[in-house]
Amino acid sequence: MFYGAVVWDPWLIVAQIVCLQCLYYLTLGVFLSLLVGTRVSRMSLVYFFDFASVTTTTVTGWFVIASFLLSSIAGAGYMLYLIERAKKCLDFSATLYFIHLFICIIYGGWPTSITWWVVTSTGVAVMSLLGEYICIKREQREIPITRYRSSKKFRYVLK
């Protein structure tokens, strides 16, 4: 894709949002299974969408928090390949967490836990800032240009 030509493609944007959201929840599920699944008898959607499970009073709550933060780091990596532009990282990470807030409201009501808000705000910040950082690093890489020379003698003169 050429970065100079700005084309507004709503289907591409929706597809990127859906892919990012699915990859985020898939990664969150893996981390919750590894960290929380070993501590509880039965995994459920409570750990994904209920704000009461994000707590600092239990070890399981700390593992839920760690799962959310690790998923936001992975989400930054996903943005490197899905979004590819540093200036769009904040928009896509905020959209991801806004959709997550909406699902949480439907599942368990308005989040009243301060811990949930701190973890979610930290997740947005980590995903957007880390995503911007790695996208900028990728955008600033030099473009490799290979030159073909017809004689070896010319190559030694340049060295």
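Thresholds, definitions, all that
The numbering scheme is per chain: residues are counted from 1 as the chain's sequence reads. Two thresholds apply to this predicted model, a pLDDT of at least 70 for residue-level local features and 80 or more for giving and counting side-chain atom pairs, whereas whole-chain, interface and lining totals are computed over all residues. Calculation of side-chain values draws on the structure's entire complement of heavy atoms; hydrogens and water are dropped beforehand. Pairing of aromatic side chains here covers Phe, Tyr and the six-membered ring of Trp, requires ring centres within 6.5 Å, and sorts the geometry by plane angle: under 30 degrees stacked, over 60 edge-to-face, intermediate tilted. When a residue's accessible area, from a 1.4 Å probe over protein chains only, is under 20% of the maximum for its type it is buried; when over 50% it is exposed; and in between it is partly exposed. Put simply, a nonpolar core is a bunch of buried Ala, Val, Leu, Ile, Met, Phe, Trp, Tyr and Cys residues held in one set by side-chain atoms that sit within 4.5 Å of each other. In DSSP terms, a helix is any run of H or I states spanning at least four residues, a strand is any run of E spanning at least two, and both are numbered starting from the N terminus. Only one rule defines a salt bridge in this text: a Lys or Arg side-chain nitrogen within 4 Å of an Asp or Glu carboxyl oxygen. Lining residues are defined by having an atom within 4 Å of a point belonging to a cavity or pocket. Those points lie on a 1 Å grid over the protein atoms alone, cavities being sets where a 1.4 Å probe fits but cannot get out and pockets being open sets with protein on both sides within 12 Å along at least five of seven lines. Grid points are joined across faces, edges and corners, and a volume is the space filled by probe spheres set on the points. Note on residue classes: Ala, Val, Leu, Ile, Met, Phe, Trp, Tyr, Cys and Pro are nonpolar, Asp, Glu, Lys and Arg are charged, and everything else, Gly too, is polar. The definition of a polar contact used here is a pair of N or O atoms within 3.5 Å, where within protein one atom must be able to donate a hydrogen and the other to accept one, and adjacent residues in sequence count solely through side-chain atom pairs. Any pair of residues with heavy atoms lying within 4.5 Å of one another is described as a contacting pair.

**Student:** Residue-level account of the packing of aromatic side chains, with values.
**Tutor:** A full pass over the atoms with the stated rule returns seven aromatic pairs. Seen in terms of ring centroids, Phe48 and Phe49 are 5.8 Å apart; in terms of plane orientation they differ by 35 degrees. Their pairing is tilted. No difference in accessibility class separates Phe48 from Phe49, as the two residues are buried. Where Trp116 meets Trp117, the ring centres are 4.9 Å apart and the plane angle is 90 degrees; that geometry is what we call edge-to-face. A connected cluster of aromatic rings, assembled from ring pairs, spans Tyr24, Tyr25, Phe48, Phe49, Tyr97 and Tyr107.

**Student:** Give me the lowdown on the nonpolar core, citing residues and values where you can.
**Tutor:** Counting 29 residues, the largest nonpolar core has Tyr24, Leu28, Leu32, Val54, Val64, Phe68 and Met79 as the members making the most contacts within it. Secondary-structure elements contributing two or more residues to this core are α1 (10–35), α2 (46–49), α3 (59–82), α4 (89–108) and α5 (114–139). The element best represented in this core is α4, accounting for six residues.

**Student:** Describe in detail the pattern of salt bridges, supporting the description with residues and values.
**Tutor:** Throughout the structure, instances matching the rule amount to one salt bridge. With its nearest N and O atoms 3.6 Å apart, the salt bridge here joins Glu139 to Arg85. Of this pair, Glu139 sits in helix α5 while Arg85 is found in the loop between α3 and α4, placing the two residues 54 residues apart along the sequence. Using a relative accessible area of 18% as the deciding quantity, one classes Arg85 as buried.

**Student:** Can you lay out empty space enclosed by the protein for me, pointing to particular residues and giving the numbers?
**Tutor:** The full count for this structure, using the stated rule, is one cavity of 30 Å³ or more. Roughly 30 Å³ of internal volume is contained in the largest cavity. Around the largest cavity sit Phe68, Leu69, Tyr97, Val119, Thr120 and Gly123, which together line it. Looking at the lining of the largest cavity, the elements with two or more residues in it are α3 and α5. Considering every element that reaches the lining of the largest cavity, the biggest residue donor is α5, with three residues. Among the residues forming the lining of the largest cavity, the class breakdown is four nonpolar, two polar and no charged.

**Student:** Break down the side chain of Ser71 for me, with residues and values.
**Tutor:** When you line up the elements, Ser71 lands in helix α3. In this structure Ser71 comes out as buried when scored by relative accessible area, which is 0%. In this structure the side chain of Ser71 is engaged in a polar contact, spanning 3.3 Å, whose partner is the backbone nitrogen of Leu28. Setting aside residues no more than four positions away along its own chain, Ser71 makes contact with Tyr24, Thr27, Leu28, Phe31 and Met127.

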